[in-house]
Structure formats: structure tokens, C-alpha cells
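As a plain string of letters, each chain reads:
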Amino acid sequence: MASVNTLLIELGCEELPPGAIDALADSLANGLADGLRDAEVAFGQVRAYATPRRLAVMIESLAERQPDREIEKRGPAKAAAFKDGEPTRAVQGFARSCGVEVSDLIELETDKGTWLGYRHTQPGEHLSALLPAMLEQVVARLPVPKNMRWGASRIEFSRPVHWLVALYGSEVIEASVLGLDSGRTTFGHRFHAPQAITLAHAEDYLDALEDARVLANREVRRERIREQVQAEAEVYGANAVIEEALLNEVNGLVEWPVALTGTFDERFLEVPAECLISSMKANQKYFHLLDNDGKLKPAFITVSNIESKDPQQVISGNEKVIRPRLGDAAFFYETDLRSTLESRREKLESVVFQQKLGSMAEKARRSEAVARHIAERIGADVDHAARAAQLAKTDLVTEMVLEFPELQGIMGHYYARHDGEDATVALALEEQYLPRFAGDAIPTTKAGMAIALADRLDTLTGIFGIGQRPTGAKDPFALRRATIGVLNILIKGELDLDLRELLTVSAEQHRDLPKAEGLVEDVLEYMLDRFRAWASDEGMGAELYLAVRTLKISNPLDFARRLRAVHAFGERPEAAALAAANKRVSNILAKAEHDGRTEVDASLLSEPAEQALAEALTARGAEVAPLFAAARYQEALDALASLREPVDAFFDQVMVNADDAAVRANRLAMLASLQGLFMGVADISLLTQ
């Protein structure tokens, strides 16, 4: 039995890009785990550690070697192995390939006869022999965003590398990676503990580094930052806003976090809070603070990578740095207020949306036409929607948005209010980008809905129209996200609109599209296919999506209502039996090449079970007709659930393929009628898949 121990691999380097650290650490851990798994070396827990100056992996309960393997080789058939009692050249060659004499070969009995063979035990390789090449390969495959060289070396990595630790328990595994030879020496914090640290055992790693002011565990360090920021905010009497993306970025910048609170001049609060927040986050990685009313306070929390003996000096330094940054934001804002959004419309003529689709000004004009159409259909103020569409992209040419692109729409809202635009128009300028991501809110105003839909539809029809639909992982114009946005607005906003109609209006606004033929149906199919992802997000299986998709519904709100109805129906005890019955009906009608007739001749009904089913179909048909008309699909399926018993009885007691052609056709018509009732909602026969 091979012994087990803990393996530690650490690659020390210059400060890595904070956005790349997690991916690099996880890739290193996963790559080593996959390599060990492929080599059939047993191991336990795998943990990835990382700081700005190191990538590390610790693998517990790692076997010191591969297991021994029984190797069996089959040679020539016994009948062909000897001639006149002497071994043939074939069997002699086989024996040589195995490194033994012919007399050492064994007989292998198979169902096809007796063969000569060789069986031996191959000892498993030791970890010390396996790991060097495995580690070199894994490091070579790390997802480095951009390689660099240093000194005279031709070695490449994200940043210059300085040390390599490879410890198996207390023993060094000799390896060479990126020009570094492995050892047991690591280094602590660059300033607090710059001296070398000799590790006696792999399991000493985390404690030794913490003593040297390094928190190598990413999760522990992240939570330490969160706790410190919250504690600082409480001392200041404020609420810290800790966004996960910023927290992760800060976590990638420090090895020993120390949160400190600084302040800035209250005069900067005259600038919209979003501008100040963007400046603090983007430029300095600061956490901002709010009062109990949700208003921005003139303070920030910075996370230092050093525990200073004079923290006030660190705070003062950060306050000096943030002052000109906020001053820039104030300058951008004041400069932008000197020009109205209306006056900026002309500048959009020179801003390219897409080379083949023209400028942002042209896009705005196309979107305005579509927004007008949508506004009319949903009962919105057409003039408000049109005005919002005209101004929708004008903030893209403001100084503030050029500096902070994430503020597009938000600044349009502020500037429109300053210009005296209608409040609905101003809000729509911000809401045009909603929803930004999965689970995000949709526009609250109808004008906002109109331009949010119009803008996305223009992008979809335009990009498809020039033949650049998404393929595989490439989606440079975020058409998948645009599609999900359209679906969410139509469904959550309960907008009873036909997508084919909207796409037709949008496509008509484009001129000379090379892929204009069949464009609307092409985009429609693409968008409806995205309903699968929408249904999955709502907790619905693919079979529910397919059951509705087969009906070619092009109204997303109606599509969603049917999906939810089928989902609820699937929870009923009658669902499985009725789904199976509908599948059976589909197969019968397909094989019989039924002409589609659903009218049933009562005079041809002779069996009690078919009479009962015909009566039930008539009653349920009358009951569900108004429910279908009102799109009350769940109620309709609940009513149709009562058909289970007469349907089961029919199939148990009635022969569909009667000898009499008229009777047979009548029974097929009754089955078609049954199928048609359920098809009023979805093809539930697909629920059996």
C-alpha cells in the first residue's frame, strides 16, 4: 500500500493582473488534478490558493505512486506458434517484444481458442517521476491573458517568476518550470517579511505565510476584507456598498488587507453620485459609503496592502490622490451641462455603430420609427417614446460617458432633466439599457420599454442582415443578451406583442441589407430558440419548451403563459397518462395518414367507451374554448385533465382500426379532436420524452 501525504506547489512571481489571478489559480489546480487522475494516482482534497505574488495548489492525501498494474499481452494462436515442435518466428518475435523466452509464455483460453500470451505486473511510477513533466505541461497551458519576457531570457509568463516550491510532505520533488528549480523556500509579504521562509512540511504553508503577513487563502482574505470594510463603515456611521466584482478585484491586489477610511470635500456631492462612485471604483478601487437614506457620504474605504505604523499618512495619501480624480468628474459634469442633449444629436452622425449599418444617428432614426410603432401598440405616449429614441444615444458623446462608459443612460437621464425634457423621456433614456443582465429589472415606463425594445430589435435585424449572426462562442454584438432582454421586457412587462410583426417593422427601416431575404424568419427562429434558456432559468425542462415551440408561437408573452401552464399541468397526477395517450394518438394518426378531420358522426359510435369519450370531448371543448380565447391556459389544461378516465377506457375497450372504413375514420376523427384540444395549449405528447 503506497503511503499518502500532502503535496504543495507554489509559483512565486511579480504582482499578477488582479482580474487573472482566480482563473490562473483554478486552472493550475484543475490541471494538476486532471493529470493525477489520468495517471491513476489517488488523491483527496484539492485547494487552490493565490495572492498577487503567488499561485499555489495543495493536494491532500496524495499517494506517492501509481498503483501496480497487471499487464496482459496476447500473442499468436497456439496452433500457429509451433511447427514440428519448434517455435515459429512469429512466437519468437512476440517473446522478444515481451523481453522473455518462449518458454516463459503462458496459454490464454478464449472462446475462439487457445493463444500464447504474457502476463506480468508493471510497478506504478513514483510521484517524483510523474510530477515534473505534468507540472511543466500544466503551467504551459495556464490561461495567461498576455505573456511577457524579462531580462535576457526567452521564457514567457504573465509576470516575471522568482521561486518554485514543490513539496511532498517534507520531501522536495525535483522539478523545473519556467527556468526555476523547485525547492522548499517561499517568501512572505514584500515589505513586512521579505526574508526567505524555509518550509519543513507542505502542511506548514498557510500558517508560515500568515506569520509572514500573507493570507494565501483567497476565500479567507476576501472575507477579511469584507469584515474590515463593514467594521470601518460602522465606525464612520455609514453603510458600505460592497459589490462582489470590486471585492474580488481588491482581493487580487493585496496579500495582507488593512481597511482605512478617508474623506473628500463635500462640494463634490453636487456632482451626481454615480459619477463619483465610478471614479472611486474605476480609478482607485475604493468602496463608497451611504447614509441611512441611501445618499452618498463624502468618504471612502481603501484597502491597503500594508499595516502602517502611521495609518493617517496612508489615508492622507489616498485623499490627495482621490481629490483630482473627483475634480475631473466634476469638470466633466460641468462641461457637459453647457450643451444640451439635443445639440449633441448632430455629433452622432460621425459615431459609427457598425460600418455596414451606418452611424449612431442612423440607428437612432431607425429605432425612433420602431419605438413609435411599439408605443402605439402598447398604449404609450408616442411623442414621449419618439423623443426618447431621438435622444437615446446622445450621452455617448458627453465627456462623462467618454471617460466612464458604464454611465451611459444614467448620464442621459441627468442631462435630460437639466435640459428640461419631460420626466418620462428623461427616465426612458436610462431605462433603455434595462435589463442589463439576468435577473435585472425591466423598464418601468412604457416609453422606456418602447426604446429598449426598438434599440435591441434594430441591432438584431441589422447584424443578422449583414450576415454576422452569432456562431459558437463568438457574439461580439451581444445578440444573445439582446434577445433575452427583449423576451424579458415582453413577458415581465406583459406586452401582448407579436415578435414577427416587430421584427418586420424593424427590418423595414434598414436599407440594402445583403441578407434581407428571409431575414425576419431567421431572426425570429433565433430569438425563439433562446426561449430554451429563458425556460431553464425559470426552472422548466427542455421538454416543456419543445412542447410549446412546436406550435410556432411568435408572441413571447403567449409563449410564456403556455410554458407556465404546461409546467403546472406536469405536476398533476393525470399528466403522465394523458401525455402518453397523446403520443399514442400522434403515432396512430401519423400511421393512418389521417386527413385532419375532427368532426365526429354520433351515429357511427357503437361502443360505450367511444360514446363516453365523444360526450366528454364535446363538453370539455365547450368549456375550454373561452379559456383559450382569454389565454387562460392553465385553467384549460386543468379542465382537460378530466379526460384521463374516458381516454384510458377508450384505448382499453375500443379498436381504433375497425374493419369498417367509416367507423375507423370516425374514430380517427375523434382522436384528432382529442389531440386538437390539447394542441390549444401545447403538444403535450412531447412531455413523455
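Read on for a plain summary of the structure.

Rules used in this analysis
Each chain carries its own residue numbering, running from 1 in the written order of its sequence. Restriction of local features to residues with pLDDT of at least 70 applies here, the model being predicted, together with a cutoff of 80 or more for giving and counting side-chain atom pairs; totals for whole chains, interfaces and linings are based on all residues. With hydrogens and water excluded, all non-hydrogen atoms of the structure serve as input to the side-chain values. For helices, the axis comes from a line fit to the C-alpha atoms of the stretch in contact; other axes are also lines fit to C-alpha atoms, and the angle between any two N-to-C directions lies between 0 and 180 degrees. Strands are runs of DSSP state E lasting at least 2 residues, helices are runs of H or I lasting at least 4, and numbering of each runs from the N terminus. Crossing handedness is read from the near helix: turned anticlockwise from the far helix by less than a right angle, it gives a left-handed crossing, and turned clockwise, a right-handed one. Working rule for contacts: check all heavy atoms of both residues, and any pair within 4.5 Å makes them a contact. Here the term charged refers only to Asp, Glu, Lys and Arg, the term nonpolar to Ala, Val, Leu, Ile, Met, Phe, Trp, Tyr, Cys and Pro, and the term polar to all other amino acids, Gly among them. Exposure classes here rest on a 1.4 Å probe applied to the protein chains alone. A residue is buried below 20% of its type maximum, exposed above 50%, and partly exposed in between. For two strands to be treated as a pair, DSSP must find at least two bridges joining them. Angle categories are assigned with fixed cut-offs, so that under 35 degrees is roughly parallel, over 145 is roughly antiparallel, 65 to 115 is roughly perpendicular, and the rest are oblique. Surface patches are defined over residues having more than 30% relative accessible area and no salt bridge, joining like charges when they lie within 9 Å and nonpolar side chains (Val, Leu, Ile, Met, Phe, Trp, Tyr) when within 5 Å. Residue exposure ignores everything except the shown protein chains as possible cover, and the areas themselves are Shrake-Rupley values with a 1.4 Å probe. Just to be clear on terms, a salt bridge is a Lys or Arg side-chain nitrogen sitting within 4 Å of an Asp or Glu carboxyl oxygen. In summary, the charge assignment counts Lys and Arg as positive and Asp and Glu as negative, without counting His or the chain termini. Every charge is mapped onto a representative atom, which is NZ of Lys, CZ of Arg, CG of Asp or CD of Glu. Working definition: rings of Phe, Tyr and Trp (its six-membered ring) pair if their centres are within 6.5 Å, and the pair is stacked with planes under 30 degrees apart, edge-to-face with planes over 60 apart, and tilted otherwise. Whether a charge lies above a ring is judged from NZ of Lys or CZ of Arg, which has to be within 6 Å of the ring centre and within 35 degrees of the ring normal. The term polar contact refers here to a pair of N or O atoms within 3.5 Å; inside protein, the definition further demands a hydrogen-donor-capable atom paired with an acceptor-capable atom, and it admits residues adjacent in sequence only when both atoms are side-chain atoms. Both site types are read off a 1 Å grid over the protein atoms alone. A 1.4 Å probe that fits but cannot get out defines a cavity, while an open set with protein on both sides within 12 Å along at least five of seven lines defines a pocket; lining residues have an atom within 4 Å of a point. Grid points are joined across faces, edges and corners, and a volume is the space filled by probe spheres set on the points.

### A look at the packing of helix α16 (residues 446–465) against helix α17 (residues 479–492)
Between α16 and α17, the least distance of the axes is 10 Å, while the angle of their chain directions is 145 degrees. Crossing of α16 over α17 shows left-handed handedness. In this structure, α16 uses M449, A452, L453, R456, L457, T459, L460, I463 and F464 to contact α17, whose residues at the interface are L479, A482, T483, G485, V486, I489 and L490. By residue class, the composition of the contact of α16 with α17 is 12 nonpolar, 3 polar and 1 charged.

### Let's talk about the pairing of strand β16 (residues 258–263)
For β16, the tally of buried residues reaches 5 of 6 residues, placing the bulk of the element in the interior. Alignment of β16 against strand β18 (residues 296–304), held across 6 bridges, turns out to be antiparallel. When the bridges of β18 are listed, G262 appears paired with F300.

### Some thoughts on the side chain of D395
Here D395 shows up in the loop between α12 (382–391) and α13 (399–403). Beyond its immediate chain neighbours, meaning those up to four positions away, D395 contacts L341, V401, L407, Q408, G409, I410, M411 and G412.

### Looking at the environment of P18
Residue position: P18 is located in the loop between β1 (4–13) and α1 (21–38). P18 sits in the partly exposed class, given a relative accessible area of 24%. Spatially, the C-alpha atoms of P18 and N251 are 7.8 Å apart, while their sequence positions differ by 233 residues. Other than its neighbours up to four places away in sequence, P18 contacts E249, G252 and L253.

### Observations concerning the packing of helix α26 (residues 644–653) against helix α27 (residues 661–679)
For the pair α26 and α27, interaxial distance at closest approach is 13 Å and the crossing angle is 150 degrees. Relative to α27, the element α26 is oriented roughly antiparallel. Crossing geometry of α26 relative to α27 is assigned as left-handed. On α27, the residues that touch V647, F650 and F651 of α26 are R667, M670, L671 and L674. When the residues that make up the contact of α26 with α27 are grouped by side-chain class, the tally is 6 nonpolar, no polar and 1 charged.

### So, a negative patch on the surface
On the surface, a cluster of negative charge is contributed by E203, D204, D207 and D211. Note on placement: E203 falls in the loop between β14 (196–198) and α5 (205–211).

### Focus on the packing of aromatic side chains
To describe a pair of aromatic rings, one takes the distance between the centres and the angle between the planes. By the definition in use, this model includes 13 aromatic pairs. Counting every residue linked through ring pairs, the aromatic cluster contains F531, W534, Y545 and F559. Note that R74 overlies the ring of W115, its terminal NZ or CZ placed 4.2 Å from the centroid. Geometry around W256 places R224 over its ring, the cationic atom sitting 5.8 Å from the centre.

### Structural notes on α12
Among the residues of α12, A385, A386, A388, A389, Q390 and L391 are the ones counted as buried. Among the residues of α12, the N-terminal cap falls to D381, whose side-chain oxygen and the backbone nitrogen of D383 are separated by 2.9 Å.

### Structural notes on empty space enclosed by the protein
Enumeration according to the criterion identifies 1 cavity of 30 Å³ or more in this entry. Forming the boundary of the largest cavity are K363, A364, S367, A389, A392, K393, Q432, I451 and D455. When contributions to the lining of the largest cavity are tallied by element, the ones reaching two or more residues are α11 (360–378) and α16. Of all the elements, α11 adds the most residues to the lining of the largest cavity, at 3 residues. The class makeup of the residues in the lining of the largest cavity is 4 nonpolar, 2 polar and 3 charged.

### A short note on the sheet that holds strand β10 (residues 171–172)
Taken in spatial order, the 5 strands make up an open sheet running β2-β3-β1-β9-β10, and their pairing is antiparallel. The open sheet has two edge strands, β2 (46–51) and β10, and neither has a second partner. Here 8 bridges tie β1 to strand β3 (residues 54–63), and the two strands are oriented antiparallel to one another. Bridging from a neighbouring strand, E10 pairs with A56 of β3. Across the sheet, helix α4 (residues 127–140) is in contact with β1, β3 and β9 (161–168); its angle to β1 comes to roughly 30 degrees.

### Quick notes on the sheet that holds β16
The 4 strands are arranged β15-β17-β18-β16 in an open sheet whose pairing can be described as antiparallel. Sheet topology places β15 (239–240) and β16 at the edges, where each strand pairs with a single neighbour.

### A look at the pattern of salt bridges
Per the counting criterion, the structure on display carries 42 salt bridges. The residue E342 makes a salt bridge to R345 at a minimum N-O spacing of 3.4 Å. Since its relative accessible area comes to 29%, R345 is described here as partly exposed. In this structure, R572 and E574 form a salt bridge, with 3.1 Å as the shortest nitrogen-oxygen distance. Note on E574: relative accessible area 17%, which makes it buried. Linked through salt bridges whose partners overlap, the residues forming this network are K363, R366, K393, D455 and D458.

### What to know about unusual backbone geometry
In the segment running from L434 into P435, the intervening peptide bond is cis, with an omega of -10 degrees. By the secondary structure assignment, P435 is in the loop between α15 (423–431) and α16. The phi torsion at K285 lies on the positive side, around 60 degrees, for a residue other than glycine.

### A word on the side chain of R222
Mapped onto the secondary structure, R222 falls in helix α6 (residues 218–236). D22 is the oppositely charged side chain nearest to the buried, salt-bridge-free R222, at an N-O distance of 4.0 Å. Contact partners of R222, with chain neighbours within four places excluded, come to D22, L247, N248 and N251.

### A word on the layout of surface pockets
Space inside the largest pocket adds up to approximately 1000 Å³. Forming the walls of the largest pocket are 31 residues, and the residues nearest its centre are E406, Q408, Y433, R436 and R481. Of all the elements in the fold, those that place two or more residues in the lining of the largest pocket are α8 (273–284), α11, α16 and α17. Examining the composition of the lining of the largest pocket, we find that 5 residues originate from one element, α8, more than from any other. Looking at the lining of the largest pocket residue by residue, the class counts come to 15 nonpolar, 5 polar and 11 charged.

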